[in-house]
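Now for the letters of each chain:
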Number of protein chains: 4
Amino acid sequence: MMDYGKIIDAIYRDLNTWERTGKVADYIPALAQVDPQHFGISVQLLTGESFHIGDTLKPFSIQSISKVFTLAMVFHHLGEDLWKSVGREPSGTPFNSLIQLEQEAGIPRNPMINAGALVVTDRLLDDWKNPKEELLSFVRCVSGNPSLSYDFGVANSELANSDRNRALAHFMKSYGNIHNDVNDLMDVYCHQCSLQMNTRDLAKSFQFLVNRGVNPWTGNELLTLSQAKRLGAVLMTCGFYDESGDFAFRVGMPGKSGVGGGVVAYIPNVLSIAVWSPALNPHGNSTLGIEALERFTTLIGNSVF
Amino acid sequence: MMDYGKIIDAIYRDLNTWERTGKVADYIPALAQVDPQHFGISVQLLTGESFHIGDTLKPFSIQSISKVFTLAMVFHHLGEDLWKSVGREPSGTPFNSLIQLEQEAGIPRNPMINAGALVVTDRLLDDWKNPKEELLSFVRCVSGNPSLSYDFGVANSELANSDRNRALAHFMKSYGNIHNDVNDLMDVYCHQCSLQMNTRDLAKSFQFLVNRGVNPWTGNELLTLSQAKRLGAVLMTCGFYDESGDFAFRVGMPGKSGVGGGVVAYIPNVLSIAVWSPALNPHGNSTLGIEALERFTTLIGNSVF
Amino acid sequence: MMDYGKIIDAIYRDLNTWERTGKVADYIPALAQVDPQHFGISVQLLTGESFHIGDTLKPFSIQSISKVFTLAMVFHHLGEDLWKSVGREPSGTPFNSLIQLEQEAGIPRNPMINAGALVVTDRLLDDWKNPKEELLSFVRCVSGNPSLSYDFGVANSELANSDRNRALAHFMKSYGNIHNDVNDLMDVYCHQCSLQMNTRDLAKSFQFLVNRGVNPWTGNELLTLSQAKRLGAVLMTCGFYDESGDFAFRVGMPGKSGVGGGVVAYIPNVLSIAVWSPALNPHGNSTLGIEALERFTTLIGNSVF
Amino acid sequence: MMDYGKIIDAIYRDLNTWERTGKVADYIPALAQVDPQHFGISVQLLTGESFHIGDTLKPFSIQSISKVFTLAMVFHHLGEDLWKSVGREPSGTPFNSLIQLEQEAGIPRNPMINAGALVVTDRLLDDWKNPKEELLSFVRCVSGNPSLSYDFGVANSELANSDRNRALAHFMKSYGNIHNDVNDLMDVYCHQCSLQMNTRDLAKSFQFLVNRGVNPWTGNELLTLSQAKRLGAVLMTCGFYDESGDFAFRVGMPGKSGVGGGVVAYIPNVLSIAVWSPALNPHGNSTLGIEALERFTTLIGNSVF
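Once a new chain begins, its residue numbering starts again from 1 and follows that chain's sequence as written. Throughout, the order in which chains and ligands are written sets their labels, letters from A for the former and numbers from 1 for the latter. Given that the model is predicted, a residue must reach a pLDDT of at least 70 before its local features are reported, and side-chain atom pairs must reach 80 or more before they are shown or counted; all residues, however, enter totals for whole chains, interfaces and linings.

### Here we look at the relation of the copies chain B and chain A
Overlaying chain B with chain A gives an RMSD of 0.0 Å, the required rotation being 180° about an axis along which the chain moves by 0.0 Å. Here the transformation between the copies is reduced to the relation of a two-fold axis. Both copies contact each other with a shared surface, as 100% of the interface residues of chain B are interface residues in chain A too. Superposing copies: least-squares fit, C-alpha atoms only, residues required to have pLDDT of at least 70 in both. Note on contacts: each residue gets a C-beta atom placed from the backbone, and two residues are in contact if those atoms are within 7 Å.

### A closer look at the interface of chain B and chain D
Contact with chain B, which involves twelve residues of that partner, is made by twelve residues of chain D. Among the elements that make up the side of chain B that touches chain D, the one with the highest residue count is helix H8 (residues 163-174) of chain B (eight residues). Working definition: helices are DSSP H or I runs of at least four residues, strands are E runs of at least two. Numbering for both runs from the N terminus.

### A short note on the interface of chain B and chain A
The partner chain A presents 32 residues to the 31 residues of chain B that form the contact. Contributing elements (two or more residues each) for the side of chain B that touches chain A: helix H12 (225-238) and helix H13 (244-250) of chain B. Only Asp, Glu, Lys and Arg are considered charged, only Ala, Val, Leu, Ile, Met, Phe, Trp, Tyr, Cys and Pro nonpolar, and every remaining residue, Gly among them, polar. Residues belonging to the side of chain B that touches chain A are distributed by class as follows: twelve nonpolar, twelve polar and seven charged.

### Focus on the sheet that holds strand S7 (residues 271-276) of chain C
All names here are of chain C. Should DSSP find at least two bridges between two strands, the strands are taken to pair. If you trace the five strands from one edge of the open sheet to the other, you get S2-S1-S7-S6-S5, paired in antiparallel fashion. If you trace the sheet from one side to the other, it starts and ends with strand S2 (50-54) and strand S5 (255-257), each paired once. Across the sheet, the mean angle separating the axes of adjacent strands is 5° when strand polarity is ignored. Where strand S1 (residues 40-45) lies against S2, five bridges are found, and the strand directions are antiparallel. Note that in S2 the partner of Gly 40 across the bridge is Gly 54. Strand contacts of helix H14 (residues 287-300): S1, S5, strand S6 (262-267) and S7, with the helix running at about 150° to S7, the strand carrying the most contacts. Axis angles are defined between N-to-C directions and span 0 to 180 degrees, where every axis is a line fitted to C-alpha atoms and, for a helix, only to the segment in contact.

### Let's talk about the confidence of the model for chain A
Chain-level pLDDT for chain A is 94 on average; 98% of the residues reach the 70-or-more range. Taken over the whole predicted complex, pTM reads 0.91, whereas the ipTM for its chain interfaces reads 0.90. You can read pLDDT as the predictor saying how much it trusts each residue, on a scale of 0 to 100.

Printed below as a string of structure tokens:
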């Protein structure tokens, strides 16, 4: 039997001595103040067992990881129709690029880049009455933590620095691919990015993907088996912006990162793992987070490949 | 116990009634003459069992699937140094694009697009004495079929229609990323594309990836465990040109296609599957091949996700 | 002595029999209702003489031609400092493209594409107290027509359909290259586009360029000699979006077009000529307008080349 | 009466004290050895008078300036049909870019970028029996200097470093837009680039454009009036790669540069001027050459604008 606790302890002890290279996200003041020394790892098995080392109780801003939750809600609701408005190909370009959006007439490459995530959130506004409340309730439900909430300071700070995302939204609206008022959309989008979780919550919140669509904490089917497979494929090919191929290559698990320094990944039927370390590499992904995950799949001798 | 034979029979019977939409590759006469009605499926389990239906004995031109074999040879030989000359990110663009090559100063995005495969083959010319003979011997070895060979008619036809690939090679040579004479390189490259296999050979030839690096027919380690994982990740994110995300989404296995109409994919530790149907979709991938593989992972309820 | 009146009569008579190919601009209702049959030509000599044929008294929306007036105001005010925020190279891309804007970090290629014109108008908002009033006063002054005004219906219609320009403005604001509130900027920009002139006004309003910077109606220097030369060069290389090279090739004069169907061009020290015909070619330029100007420079045997 | 001699003396004396910033072209050894201190200016009036200062007798490699001569020959021969194979829009990208070539299916943007010049030279091979001899004879004729010749050392050095141009040629050949064998094409192309002239020859060789198509030394019509206008427009919008807009802005004359450090420009009906200074700016144009021409049009108070 694999000793996951021992493995993450070894990874943690070694990497924790590393100098924190890379920069903490600084486009909003709230994120710029985060201490780059934080480092925590949580592993959650589908059997219910879990293992933790380091800063696993301190919440952080999950940022783009929230795209996975809105995508799960909207994909289950709209089914394959969703893919008329957003693609599922890697973009090969940075996360907030307008170039492909223009070349492809307002249809974003995939739901993990900002443009695609804005389309997904726009669909939440279409069909949910209180999208902010209902998203919060979804996230509480998948993480099994009823006290999760938005960080309103971060949300407001993002709203005040949202020119790039507003540009994306207006641009897609000019093609008819955003349906709602851009101000309303930005309000929901900036809140979803401000969701606060610790690594324990985060590892738990991906168990419905480990369990191939069914929330293990409630037994509810959140995605069909086929949808769960498909969402995993999207994370594998698109979850890390223009570093997705590299992440697949080094780590070999579907996953998602956020500029708050969180990274989460999973092996279907087996486990999910969340790492938090705020210093980011030039692609906007946690330097230590990716290194820790590469070592993890190497040491356990398992991945999806 | 899964009845793979029954499953591929059902898929074959249903899809064989479909009109062959899409066009057979026509850039060289030898490929244009292939009958689009051909259709065959072979499944090879790691246990040794195999299942076949349709045209599984007739050899066809494997074309770009050969990129996997040269990559395995060169990756094992050069190790991580290889990745200084070729990336491992999805390109988001068609298979013979020069655009990203220019933006990224002669370093191709990944070894599955033509530019990247040319770099890999160029490295064969660097370090192997008789690259054509040695590649053939590698392919015979992984497929367990000592009678495999090149189709010299196809190879010569490709050589006579190689302006686009020559452009790629000269362009990278201007950046110093091709080391050998372009005529010599084209000779080896056009031969590797002309390799002939049937679906039985092809399914068998991917067993060293199913077996995570070790050739099951000989017990030799062709790739380390880590290299096998990494090669799988490259296939998952880059194996189908700008349809890679879609293939991952629909099928959920690492794999590779060729314009001869072949597609091959695998689930580590379990099985490989090869399909042949020459009519191609606009991305240059076999229409029926991809459909068959999507149905296969759906029906067996298994994939890497 | 050249008989300009006879020349434009001949051009008018011949071209007026042409079927109006191309589409009237239809992105806002006010423009879509314009009758494509309108056609008028006005020539204004620096000597004071003028020649007119066809619909030369009916005002139309000058749209992008207004970019020349704001550029003249801001260039004279800021001098060479302006070129830190906007380039003067042809873009090689359509008029509202975001692609180069992204590749060049928020600095638009030139002041004749929408992004560049937005930067110029933003500078008006920086340093003019009542930009809408002062722009109107400038245009009245250069045209010698004190009754020129905005079409508020068109301006409001543009404001309601401004997602693409808002996207450009927010995008450049994210790089710090837009200083003012995007709503305020759009208000001035949409008004400037709605300026109404007939071909007589338009031909007269370019006389300060014919006269190399000095307004002939008042004797005021609006641009230095060097600035007038430079503005002419910008019009020559960038005045017709991605059809600029073709316009220079066929017509050989610096000029500017608008999607309202107006085109205006000039030969320094000699004359300006304005044409109006609302049906547009695929580049967004008046089909008949460009044809008329090509014939004009051919028949008078003069151009800047 | 303008004292051109005094004006170029003043420009020469001032600029000659400048440090030679920028690098001499170094992609072939023959060019890398040229002394960056060389500096010469020649003005040739249509009246026959000429003015010279500095190194105006020493020949240098005219490189891309030769594109003007092949274009004149082929344009006059093929007429407007030429423009089916090559455009006349500024490219907005560096001189040897493949990107737009790919986006526009093998049709180069204009005949002044390398791809376009290769198409033009390919047409010479189509219809001229001895293209190298006949080009030489054309250039001797327009310059009035029967002793002009190729520098075979430079030509061979270029041939040995032609991967980028070979890439362009093979790429366009894959679209059918190159008709001849790539080796034959490269032979003529590398010779044309190696043409040797001094600034006196160069200024004289552009007099057929000053004279609007008619060779003043012989009275022969080399281009029609309309073709001369059109060729001037191409030089104005495309003659300086992605610095064309800037050159038009600063200098205001149609012209052409070469990486040998030569620049030549003209005012129709008035004069041509050639400058040689081998140190190049980052766009590949002579730093001092462009500065000298800007001062020249400022001091004479004349340009085409």
